[in-house]
Structures are given as structure tokens and as C-alpha cells.
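Close look at the chain arrangement
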Amino acid sequence: MKQFSFHKKEKLKSRKLTDKLFAEGRSFTVFPIKVFYTFSDEALDFPVKTGVGVSGRNFKKATDRNRIKRLLREAFRIQKEELIQIAKSNHKYVGVFLLYLDKTLPEFNVLKTTMHKALQKLSTKIGEIPSANN
RNA sequence: CUACAAACCCGAACUAUCGCUUCAUGUUGAGCAUGAUGAGGAAAGUCCGGACAGUACAGAGCAACCUACCGGUUAACGGCCGGUUCCGAUUUAUCGGAAAGAAAGUGCCACAGAAAAUAACUACCACGCAAGUGGAAAAGGUGAAAAUGUGAGGUAAAAGCUCACAGUAGUUGAUGGUAACACAAUUACGGGUAAACCUUAGGUACUGUAAUGCCAUGUAUAGAACCCUUGGAGAGCUGCUCGCUCAAUUCCUGCAAAGGAAAGGGUUCAGGGUAGGCAGCAAGAUUGCAGCAGUAAUGCUGCAGCCAGAUAAAUGAUAGUAUUGGAACAGAAUCCGGCUUACGAGGUUUGUAGUUUU
RNA sequence: CGGGAGGUAGUUCAGCCCGGUAGAAUACCUGGUUUGGGACCAGGGGGUCGCAGGUUCGAAUCCUGUCCUCCCGA
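Residues numbered from 1 in each chain as written. Chains lettered and ligands numbered in written order. Predicted model: local features only at pLDDT ≥ 70, side-chain atom pairs only at ≥ 80, totals over all residues. Heavy atoms only, no water.

Let's talk about the nonpolar core
Worth spelling out the cut-off: The term nonpolar core refers to a set of buried residues drawn from Ala, Val, Leu, Ile, Met, Phe, Trp, Tyr and Cys, joined through side-chain atoms within 4.5 Å. Only protein chains enter the accessibility calculation, which uses a 1.4 Å probe; a residue whose area is less than 20% of its type maximum is buried, one above 50% is exposed, and one in between is partly exposed. Strands are runs of DSSP state E lasting at least 2 residues, helices are runs of H or I lasting at least 4, and numbering of each runs from the N terminus. Contacts are residue-level and defined by heavy atoms, with any inter-residue pair within 4.5 Å sufficient.
Core analysis: the largest hydrophobic core is formed by 29 residues, its most contacted members being Val48, Leu72, Phe76, Leu98 and Met115. At the level of elements, strand E1 (26-30), strand E2 (33-40), strand E3 (48-54), helix H2 (62-79), helix H3 (81-89), strand E4 (93-100) and helix H4 (108-128) are the ones that each hand at least two residues to this core. When residues in this core are grouped by element, the largest group, six residues, is from H4. If we ignore the near neighbours within four places in the chain, the residues touching Phe76 are Phe6, Val48, Thr50, Leu83, Leu98, Met115 and Leu119.

Side note on the side chain of Gln79
Here Gln79 shows up in helix H2. Sequence-distant contacts of Gln79, that is, excluding residues within four places in its chain, are made with Lys112, Met115, His116 and Leu119.

Considering the packing of aromatic side chains
Worth spelling out the cut-off: Here a pair means two rings of Phe, Tyr or Trp (six-membered ring of Trp) with centres within 6.5 Å. Their orientation is stacked below 30 degrees between planes, edge-to-face above 60, and tilted elsewhere.
Taken as a whole, this structure holds three aromatic pairs when the rule is applied. With 5.8 Å between their ring centres and 55 degrees between their planes, Phe28 and Tyr37 make a pair best called tilted. Accessibility assignment for this pair places Phe28 and Tyr37 in one class, buried. Aromatic ring contacts, followed pair by pair, group Phe28, Tyr37 and Phe39 into a single cluster.

Considerations on the protein's contact with RNA strand B
This is how it is decided: A cutoff of 4 Å decides nearness: a residue is near a molecule or strand if any of its heavy atoms lies inside that distance of it. Counted as a polar contact is a pair of N or O atoms within 3.5 Å, where, for protein atoms, one must be capable of donating a hydrogen and the other of accepting one, and residues adjacent in sequence contribute only when both atoms are in side chains. Any residue outside Ala, Val, Leu, Ile, Met, Phe, Trp, Tyr, Cys, Pro, Asp, Glu, Lys and Arg is labelled polar, Gly included; the first ten of those are nonpolar and the last four are charged.
Around RNA strand B, the surrounding shell holds 27 residues, and the nearest of these are Lys8, Lys9, Leu12, Asn66 and Arg67. Of all atoms in RNA strand B that approach within 4 Å of the protein, 78% are sugar or phosphate atoms. Between RNA strand B and Arg67, the relevant distance is 2.4 Å, taken from a phosphate oxygen to a side-chain nitrogen or oxygen of the residue. Side-chain polar atom of Arg70 to a base oxygen of RNA strand B: 3.0 Å apart, as the coordinates give it. Every element with two or more residues in the surface near RNA strand B is listed here: helix H1 (15-24) and H2. The element contributing the most residues to the surface near RNA strand B is H2, with nine residues. Tallied by class, residues from the surface near RNA strand B come to eight nonpolar, six polar and 13 charged.

Quick look at the environment of Phe46
Looking at the element boundaries, Phe46 is found in the loop between E2 and E3. The spatial distance from the C-alpha of Phe46 to the C-alpha of Phe36 is 18 Å, given a sequence separation of 10 residues.

Observations regarding H2
Convention followed: Multiplying 1.5 Å by the helix residue count minus one yields the expected span of that helix. Directions are taken from the helix axis to each C-beta atom, and the arc is the one they span.
The end-to-end C-alpha distance of H2 is 26 Å, a good match for the 26 Å that 18 residues give at a rise of 1.5 Å each. Within H2 the residues assigned to the buried category are Ile68, Leu71, Leu72, Ala75, Phe76 and Gln79. Down the axis, H2 shows its buried residues gathered within 130 degrees of arc, on one side only. Exposed side of H2, more than 90 degrees from the buried face: Thr63 and Arg70 are the residues found there. Buried residues belonging to H2 abut E2, E3, H3, E4 and H4.

Focus on the pairing of E4
For clarity, the threshold we go by: In short, DSSP must find at least two bridges between two strands for them to pair.
Burial within E4 is extensive, with six of its eight residues counted as buried. With eight bridges connecting them, E2 and E4 associate as antiparallel partners. Paired with Ile33 across the strands is Tyr100, a residue of E4. Pairing analysis gives seven bridges linking E3 to E4, with the strands arranged parallel. Paired with Val52 across the two strands is Leu98, which belongs to E4.

Below you can see the structure in the form of C-alpha cells.
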């Protein structure tokens, strides 16, 4: 499997799963990124399924929303490998949704570092959860 | 050369690494590899017009809405092209706006003014001692607007009462033009407002691709109330009226009317399931070039081409080269034809005016 | 994708249909009342009527375009 790929199967697409994520999932914020996540033992077709989003209220123009979503995906794509390995080793299936909160267009390098912090935090949470699993 | 006006074009290139959509080929258990492919002139606003789909599409009247100089163009249009009349901007080129009807009827026209539409305050003329009666509408002042304007004749004083010129409207024409209109003759003289109601002429069925058709999964061939089965519940045809169309049967009792049973149908209520896939959906009122017809919009013919198709939704990141030190407005979601609005650096062509040189 | 409503004083709204004076409440300012404050009484200021064109003698109001805000349906 290619290391830096980000194709359809890795994306969070199902309406059912997305609704479940927002209804039952937890979240934390590493400004300007808010991370929603759930862990599941139920088998999915890929260990980590990810979606991105921007509020249409903060960015009225579709071009701006598209640009932010592309930058979020890019930042995630480059740094996701560690998260996938941890998820595999813990035999968990993870749903993640990344929401951009700020009202100004981001610089890619800044976004990259904050994304790194966010993914590290998520990785530690995966490590904690199985012990406290019910 | 400068300024201005109009029409049109373009929409930051290349290399490397990683990565994405769709398609094709190979191989395959998932998948992987290779190759091709991938946003706009406005994709936007949603202001018009269609295509397409559904509603079981005889239709008539009313209502509602839209359009409004004339001709052409088109699948269609409120768009576009050409022309007519009037108004405005500019120095010109040129550009912008308006144009069915106020002489069918109703309403409105603040303040001021005698009067805002069947005119008569001051003033004028005649009669009368006067009060007043009659005539008449030139002059005064008010107002955005005052009974068609100017000049002459005319009269007791006046007046389109008459005449000349001008204006508006109607009628007529073997006149010119397809027509708007122009021209001529003749008749009349009537305030403005239809982006007030309205009248006239022409037109419009409604709902939208999350339409619609099908497959899979799954629940419950389930439940309650009321009604109906040709004397018809209800549905459809346009919002309303008329009218029309569609719409589900057997048994038992009874002479019949009718009643009962089963089955089926309809409306409403309460509740349950799905949250996936395929088609629609990418070859078309298509794109480019050339020729022909036409003032033009546009049409016809020939040759060549295939040019996004997603569904939490594909074009990005990093580094470098070049450049005016970094780029504008901005992202397809059923598809076309327009309109409107936003916009960077420029370029091309044509025209007008000015300056210089010859 | 489709449909609807609204932009007027600092704020919340009326006026628009049927065109001629922009108004109410509250807030603000001044004075009175009170020992002082609040409440109350009297007076006052404050408006490109979202923006740009047009119709009209005259436009917040009518027409057209445009910008912004909010709501609804699937």
C-alpha cells in the first residue's frame, strides 16, 4: 500500500457513519482545527476514515471553502501514517472529522504544524481508550 | 503621437517529487501498475426563455400574471439584429432613455390660487340712479401645470370668430415605404397622470432532475376512525365556475325498495422501515475551420473533432527557473439560449478630435 | 435546487397598499422635583429612509437593477 495516498476508501462518506460520529463521538480543539472522533470495533474497509469541513457561515465563497478543505486534506495526508499504525496495533477502527473554525484563510505551513499536534493528541487517546473500554 | 468612443481577444508559463476524479488496458482476493483525462468568461445572481420528466392533457368562460413603435431572427424569449419618431449627453465619433390608448369610463393633482377641469376673483363692455342682470375671456397675479402659441384683422368689449405661420388629434389618399412613419389635402381644438384603477391587442396548464423509472435491504399481506363499489367515495383536466374524463363485484334475504356478509377501493390519523445502488447523466438547438445567402442578428453546406461528470462532492502542496516582487473576479452539480452583476495585467481592429512633420 | 420576508433616529418598530408634514416607544442631553439618586414632570437634539437609475411638478412610498440580512421546503 502506498504511504501517502488519500483515495476514496480513506474518506468518511457514509451519511450513517457521519451522523453517528456527531451524535456519539467526542471532540477536542487545537485551534483553528476542531477534531471529532469515534472508535469502533466494528470492521470498516479502512482503519481510519476521515472527512473535512468548513462552515459556510464563515466563508461565503465556494472557492475559499474548497481551498481550505484541500489544505486540510493535504496536511492530514502527509502526517497520517503514525495514526494508522496505532489504530492497527490496537485493532480499532477510527472515524475522524476535521472542522476548520477560523474566519481567515490559513497558511499551509501553520496548518501543517497544528495538524501534527492534533494527530499526536488523537494518537494518545487511542492508546488510552482500550484499557478503559467497556 | 495624445485624448476619447466602439467592437473583440486573453484570463501567469515551465520542470521535479508526493497526491486526487473519471475512463481504458493488463493482472487480480482486496488491490496494484501503465496510459489518457479533468472547471468559467462569467461556472455567480437566479432576472427571462426553452429542452426533458411527471400529473390518465376534449374544451369554454372568468380571474390572475406577463408583454406593448415597426420589421426581421430563433426551438423559444422580456434576448439579439436592422429601421421609425421624440428627448437627453458630448465638440465629434458615438452612447443612453422613451414610444398601444388620457378623444371609452372612474380616481387623484398637496400648498398657493377666483378656478386644477360643466372655469371667472380683480379688471373689461352693454343696460341700470344703484343693487344687480347679461356678454366676454385679452390683461393682472398664484402655481409644476391655467383652457394651443405668435402676429394681423375684427368688435360695444372680446373670443380660432377670421386669416398667416407653428402645434396636437382624427379622416381621406390608385402618393413613397413590407411596416412604424413621411408627404399632401381636409376637419376639429380637447390640462397632466395609465412605473393609479382601467381599456385594447397578443400570450401563459401546474410542478421541478432531491423530477421521474427500477433494483436491493427491511418492517407488518399489520392497526384505528369514517366513507364508497355504477343513484359512485374520491381523483384528474387551470386558481374559480361550467362542462368533460377516469374510478373498485360477488353472495344471501326480499315481488320491489332496501338490508346484511365477504372482498376490494378511498380519505384521514397513529406507527414502522430505508439513509444503499443503477438509469436519468454527458454526442449536443455541440465545438473549430472554410465556403455560400443576408446590411446584420442568423441560416445552409462541407471537412475535422469528442471536450468534467462528482455525490461529505475531484485541480492541491513543496522546491526551483523566468517576470512589473507575485497576481483580479471567482469553483460545474440535469442541460442549453440570453440578460445582469464582479474583474488583473495587457493586446488587436475601427472611428472621431487635436498636435507635429512632409 | 426551489420558494418567501425584510433593510427607516443608537435600539425595537409604525408610516408604503391609496405619492406632498418622517413618527412612536426606549436610550441620550437640559431644566424641575429630592438632602442626593431612582421614579415622575417639562423641554430639546439626533435620519444620505441599504445603494444606483427611472416615472412624476414632487418618491421612504410607484417601476427597474443591485447589495446585504433572515426564514421555509425537499
